[in-house]
Amino acid sequence: MKTTRRTFLGAGLFAGLSVGLGSLVAATSRATLAEPAEHFEVMHSDAEWRSLLSTSSYAVLRQEATERPYSSPLNEQHRAGVFTCAGCARPLFSSTTKFDSHTGWPSFWRPLPNAVLTREDKTFGMLRTEVHCQRCGGHLGHLFDDGPKPTGLRYCMNGAAMNFTESTT
């Protein structure tokens, strides 16, 4: 078989794609093996989550999206009560810890006990602390260290990830 420029370039392209695809598969396999699936008290299939949640709640809780600032009615919620997870109704934050952070998202200086979990988030080329619901693992928002006393923390939450229940007392 005569080697032409076309067959040479074609073979090179095929080899390059094969190596690249092989690296991607290997990296994906390593990530899968290195990070076992998380298990939570409340778990559903993706199809079940889609049917249980609104489009915006699904995007935030299950796909880790962020709602537009100042778009949530919960940002203006000032009554006494509890903010709960829109995915599993887990009580997350007391209204007594809510404050106006002027960021456009509901913000709190402390969660309720055993309500949330955190982990590192390295997306968008920065290191942040991601906040999840302890019961269903739903993405709620991020944690920052620029909040008010007494904790100095700001739990910057997506309103689409929560519901509000007014206190009756």
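That block above? That's the structure.
Here the structure is a predicted model, which means the values were calculated and not measured.

Chemist: What am I meant to see in the side chain of Ser101 here?
Modeler: Tracing the sequence through the fold places Ser101 in the loop between β3 (98–99) and β4 (107–108). The residues contacting Ser101, other than those within four sequence positions of it, are Ser107 and Arg154.

Chemist: Whenever I open this one, the side chain of Ser95 confuses me. Can you help?
Modeler: With respect to the helices and strands, Ser95 occurs in the loop between β2 (91–94) and β3. A relative accessible area of 17% means that Ser95 is categorised as buried. A polar atom in the side chain of Ser95 sits 2.9 Å from the backbone nitrogen of Gly81. Once you skip the residues sitting within four places of it in the chain, Ser95 turns out to touch Arg79, Ala80, Gly81, Phe83 and Phe164.

Chemist: Would you mind going over unusual backbone geometry with me for this structure?
Modeler: For residues besides glycine, phi is generally negative; the peptide bonds are generally trans as well. Of note, the amide linkage connecting Lys149 to Pro150 takes the cis form, showing an omega dihedral of 10°. Unusually for a residue other than glycine, His102 sits at a positive phi of about 60°. Looking at the secondary structure, you find His102 in the loop between β3 and β4. Even without glycine at this site, Phe124 takes up a positive phi of about 60°. With respect to the secondary-structure elements, Phe124 resides in the loop between β5 (116–121) and β6 (128–133).

Criteria and thresholds
Residues numbered from 1 in each chain as written. Predicted model: local features only at pLDDT ≥ 70, side-chain atom pairs only at ≥ 80, totals over all residues. Heavy atoms only, no water. Helix = DSSP H or I, 4+ residues; strand = E, 2+ residues; numbered from the N terminus. Contact = heavy atoms within 4.5 Å. Buried < 20%, exposed > 50% of the residue type's maximum accessible area, 1.4 Å probe, protein only. Polar contact = N/O pair within 3.5 Å; in protein donor to acceptor, adjacent residues only side chain to side chain.

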